[in-house]
There are 2 protein chains.
Amino acid sequence: MTAVDPARAACPAPPHETERVLLGHGSGGRLSAELLGHVLLPALGAPPDAVAEDAAVVTVAGAELVLTTDAFVVDPLVFPGGDIGRLAVHGTVNDLAMMGAAPVALALAYIIEEGFPIADLRRHTASAGAAAAEAGVRIATGDTKVVGRGAADGLYVTTTGLGRRLPGARMSAGAARPGDAVLLSGPIGRHGMAILGARESLGFEAEIASDTRSLHRLAAAMVARGGAALHAMRDPTRGGLAAALNEIAAASAVGIMIDEEAVPVPALVAAACDLLGLDPLHVANEGCLVAMVAADAADATLATMRATPEGRDAVRLGTVVADHPGRVVMHTLMGGRRVVDVLVGEQLPRIC
Amino acid sequence: MTAVDPARAACPAPPHETERVLLGHGSGGRLSAELLGHVLLPALGAPPDAVAEDAAVVTVAGAELVLTTDAFVVDPLVFPGGDIGRLAVHGTVNDLAMMGAAPVALALAYIIEEGFPIADLRRHTASAGAAAAEAGVRIATGDTKVVGRGAADGLYVTTTGLGRRLPGARMSAGAARPGDAVLLSGPIGRHGMAILGARESLGFEAEIASDTRSLHRLAAAMVARGGAALHAMRDPTRGGLAAALNEIAAASAVGIMIDEEAVPVPALVAAACDLLGLDPLHVANEGCLVAMVAADAADATLATMRATPEGRDAVRLGTVVADHPGRVVMHTLMGGRRVVDVLVGEQLPRIC
């Protein structure tokens, strides 16, 4: 029999103090939100609901700048449609674009495992350089650290982007309003399924290529058409479309209704998801965006999107509603309704 | 017998294509410079001599902004005088400060190994938050990725800093001139020896604490005294004072003469280095800076430095000369001279 210290019995350890980080804490799902809200933000002295964006607005000399950072740990480093270098640039350019910012400069930080082939390092760096050149942004600075064998898995890249907000851009995850149209720029599920196919050698009948690409020109066209009508914008990466919609619903305290019929899932993605029991709504994307747009501007915005290469296949998915705030609900093909929830943990780790 | 393809025989693989990354490529020494100059910058389409600073100047809306990024992979995560959270903030604030910039915002990106204790994550995040608050800068955004067990070593932190250049600040690693005084803000060798002591359980007689701290107030005082006289400034981190002086000598195409007698090495550091056969000039620091200052402003700048807490023990180390451009030479205590070279590889991996 062990004696119980009454002070300890009366004051158990806070729930997170005895726990360990799980893979799911990096998923972009509910565990990620918990880690951010209950551990990281309080440790920084910030309120737990302080952050709903993937980027911060910083005003300097009267200019609205946007700063965003992302660590890329994708496995494998090369996949159909891209590699870690391109992905790291696209992901960061897109985080700026979702705030209505044009990219001004990028910074790249490498953590490399000892023994990593220099030819591969050159290849991924050239990919990052090419993606930056295509996006019209400069890789202005960087850093390289090397850790011993077994202390990393090849190469990790952290990309930070500095952008300047476009005149008229005011979107925020918290600014969606009932009545807004929910617009999606193109088909979903390609990036996540490309990674899964490359990793698991699943022998899909045909190769699915990642949709990784920069979206700042599409976003800029939408802002130019009318920034005031563009309430919220998000690229559905980790956690997929379901996570992006839920984040906006929660941050804006609105409900979102979407039509399953309207969700564009490529046939190959649908078949692979079916085979593996995955929901395309939870699969990561790296080349599409979802936007909440004032009803009277929806058709014109959709036309603007469709006039760009990145938004050619844009669709209207549904509507923002005042009902069920914080929840995303889908009219299913079967004529019913279901809640589109966020996964608790990880459907597929290290997809970006 | 294998046939030799004549095209291949005539065109061997470039030297780096068949090689692998070594721990020394992350040392801040000669291998790091080679990787940057021969692999990374060419892959980005930049000239091999493009970068001599730890930060980039980006002009937005007429304001001179400075952007810098650093990956922190220090081992162990906690050491006398600090931890990875404080170090990550100090290192980035200091890279901004060395360009004469006041910190405006920081971004933190975590790569966490599955199974890492959440209490430790909270502790290091709180450290980063406290260091940022002390420096008067906001951690504005961040990212968290989790990788499987064995794919990282606990926690890696990449910190990016956005700063605004102070009026009058014009220093650059390439702007030192013959005749300049070489000023050092305080004693060297504490950070590297603190890490080594914590890692190896060497049983030093007394504990050496890291000098990790933010230097932007010291740098700002020096700029305020007279920015035009402040030609070059660098914090001697990886590679130590020897690397910082050699970088400035190379970038400015000048020689540097220093006096061994003037180099402030704390007794504990000197004893530990002696025991282990290390040269304090190569040991990393995280809380001092070296500056090349116009001769006629040297005494006044030294007085300004000594009036700040971070520069209380500032000294004049030597002089910039026109002789032996690109080389650092030391008058030794024995009355001789020796070249102070950069290490090829790694004296001590993962010190930051």
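What counts, and where the lines are drawn
- Residues numbered from 1 in each chain as written.
- Chains lettered and ligands numbered in written order.
- Predicted model: local features only at pLDDT ≥ 70, side-chain atom pairs only at ≥ 80, totals over all residues.
- Heavy atoms only, no water.
- UniProt positions renumbered as here; feature names shortened; annotations may be inferred.
- Axes fitted to C-alpha atoms, helices over the stretch in contact; angles between N-to-C directions.
- Helix = DSSP H or I, 4+ residues; strand = E, 2+ residues; numbered from the N terminus.
- Left-handed = near helix turned anticlockwise from the far one by under 90°.
- Contact = heavy atoms within 4.5 Å.
- Nonpolar A, V, L, I, M, F, W, Y, C, P; charged D, E, K, R; others polar.
- 1 Å grid on protein atoms, 1.4 Å probe; cavity = no way out; pocket = protein on both sides within 12 Å on 5 of 7 lines; lining within 4 Å.
- Points joined across faces, edges and corners; volume = space filled by probe spheres on them.
- Least-squares fit on C-alpha atoms with pLDDT ≥ 70 in both.
- Expected span 1.5 Å × (residues − 1).
- Buried < 20%, exposed > 50% of the residue type's maximum accessible area, 1.4 Å probe, protein only.
- Salt bridge = Lys/Arg side-chain N within 4 Å of Asp/Glu carboxyl O.
- Core = buried A, V, L, I, M, F, W, Y, C linked by side-chain atoms within 4.5 Å.
- Domains from an automatic or database assignment.
- Disulfide = S-S within 2.5 Å.
- Pairing = 2+ DSSP bridges.
- Right-handed = clockwise from strand over helix to strand, strands pointing away.

In the annotation of an unreviewed UniProt entry, chain A is listed under the name Hydrogenase expression/formation protein HypE and assigned to Dactylosporangium sucinum. Among the UniProt annotations of chain A, the heading Sequence similarities (unreviewed entry) holds the following wording: "Belongs to the HypE family."

A. Broad picture of the packing of helix H6 (residues 216–226) of chain B against helix H9 (residues 298–306) of chain B. Residues and elements named next belong to chain B. Interhelical geometry of H6 versus H9 gives an angle of 145° and a closest axis separation of 9 Å. The chirality of how H6 crosses H9 is right-handed. Between H6 and H9, the residues in contact are Leu218, Ala221, Met222 and Arg225 and Ala300, Thr301, Thr304 and Met305, respectively. Taken together, the residues that form the contact of H6 with H9 break down as 5 nonpolar, 2 polar and 1 charged.

B. Representation of the environment of A:Pro178 within the structure. Residues and elements named next belong to chain A. Relative to the helices and strands, proline 178 resides in the loop between strand S7 (155–165) and strand S8 (181–184). A C-alpha to C-alpha distance of 8.7 Å links proline 178 and aspartate 323, two positions 145 residues apart in sequence. Dropping the residues within four chain positions of it, proline 178 is found in contact with Val254, Val320, Val321 and Ala322.

C. Main features of empty space enclosed by the protein. Under the defined criterion, the tally for this structure stands at 6 cavities of 30 Å³ or more. Its boundaries defined by the atoms lining it, the largest cavity holds a volume of some 250 Å³. Around the largest cavity, the lining is made up of 29 residues, and of these B:Ser27, B:Gly239, B:Glu346, B:Leu348 and B:Ile351 lie nearest the centre. For the lining of the largest cavity, the secondary-structure elements that each account for two or more residues are strand S6 (138–147) of chain A together with helix H5 (190–200) and helix H7 (240–252) of chain B. Of the residues in the lining of the largest cavity, the class split is 15 nonpolar, 9 polar and 5 charged. Together, 17 residues line the second largest cavity, and A:Ser27, A:Gly239, A:His282, A:Gln347 and A:Leu348 are the ones closest to its centre.

D. Main features of the relation of the copies chain A and chain B. At an RMSD of 0.0 Å, chain A and chain B line up after a rotation of 180° and a shift of 0.0 Å along the axis. Here the symmetry operator amounts to a two-fold rotation axis. No C-alpha of chain A approaches the rotation axis more nearly than that of A:Ala152, which lies at 2.2 Å. A shared binding surface is used by both copies, with 100% of the interface residues of chain A retained as interface residues in chain B.

E. Region of the structure containing H7(B). All names here are of chain B. Here H7 spans 19 Å end to end across 13 residues, near enough to the 18 Å set by a 1.5 Å rise per residue. Burial runs high along H7: 10 of the 13 residues are buried. For H7, the complete set of buried residues consists of Gly240, Leu241, Ala242, Ala243, Ala244, Leu245, Asn246, Ile248, Ala249 and Ser252. Where H7 ends, the next residue or the one after it, alanine 253, has phi of about 55°, a positive value.

F. Up close: the pattern of salt bridges. All told, the structure shown has 22 salt bridges over all chains when counted by the stated rule. Across the pair B:Arg238 and A:Asp143 runs a salt bridge, and its minimum N-O distance is 2.9 Å. Of this pair, B:Arg238 sits in the loop between strand S9 (230–234) and H7 while A:Asp143 sits in strand S6, which puts the two residues in different chains. Here A:Asp143 falls in the buried class, since its relative accessible area comes to 9%. Residues B:Asp153 and B:Arg350 are paired through a salt bridge, measuring 3.1 Å at the closest nitrogen-oxygen approach. A residue pair is termed long-range when its members are at least 10 positions apart, and B:Asp153 in the loop between strand S6 (138–147) and strand S7 (155–165) and B:Arg350 in the segment after strand S14 (337–339) qualify at 197 residues. Taken together, the salt bridges that share partners define one network made up of A:Asp70, A:Arg238, B:Asp143 and B:Lys145.

G. Spatial organisation of the nonpolar core. In this structure, A:Tyr110, A:Leu121, A:Leu155 and A:Met193 are the most contacted members of the largest nonpolar core, which totals 42 residues. Only helix H3 (84–97), strand S5 (101–113), helix H4 (118–135), S6, S7, helix H5 (190–200) and helix H8 (267–276) of chain A together with helix H2 (30–43) of chain B provide two or more residues apiece to this core. At 6 residues, H4(A) tops the list of elements feeding residues into this core. Residues lining this core come from more than one domain, with at least three contributed by each of domain 1 (54–165) and domain 2 (181–339) of chain A. When sequence neighbours within four positions are dropped, the list of residues in contact with A:Tyr110 reads A:Leu121, A:His124, A:Thr125, A:Asp143, A:Thr144, A:Lys145, A:Leu155, A:Tyr156, A:Val157, B:Leu40 and B:Ala71.

H. Spatial organisation of the packing of helix H3 (residues 84–97) of chain B against helix H4 (residues 118–135) of chain B. All names here are of chain B. Close contact between H3 and H4 brings their axes to 6 Å; oriented N to C, the two are set at 35°. For the crossing formed where H3 meets H4, the hand is right-handed. Along the contact surface, H3 presents Ile84, Gly85, Arg86, Val89, His90 and Val93, while H4 presents His124, Ser127, Ala128, Ala130, Ala131, Ala132, Glu134 and Ala135. The class makeup of the residues in the contact of H3 with H4 is 8 nonpolar, 4 polar and 2 charged.

I. Local environment of the UniProt feature "domain: PurM-like N-terminal" (unreviewed entry) in chain A. Mapped onto this numbering, the UniProt entry gives "domain: PurM-like N-terminal" (unreviewed entry) at residues 53–164 of chain A. Within the segment residues 53–164 of chain A, helix and strand shares are 29% and 46% respectively, and the terminal C-alpha atoms sit 16 Å apart.

J. View of the state of the cysteines. Residues and elements named next belong to chain B. All told, the structure shown has 0 disulfides over all chains when counted by the stated rule. Here cysteine 288 stays free of any disulfide, with the sulfur of cysteine 352 as its closest cysteine sulfur at 13 Å. Residue classification places cysteine 352 among the buried positions, given a relative accessible area of 6%.

K. How the structure looks around the pairing of S6(A). Residue and element names in this part refer to chain A. Of all the 10 residues making up S6, 8 are buried; the element is thus mostly covered by neighbouring parts of the structure. For S5 and S6, the ladder comprises 9 bridges, and the chain directions are parallel. Opposite alanine 109, over in S6, you have aspartate 143 as the bridge partner. Regarding topology, H4 serves as the crossover connection from S5 to the parallel S6, and that connection is right-handed.

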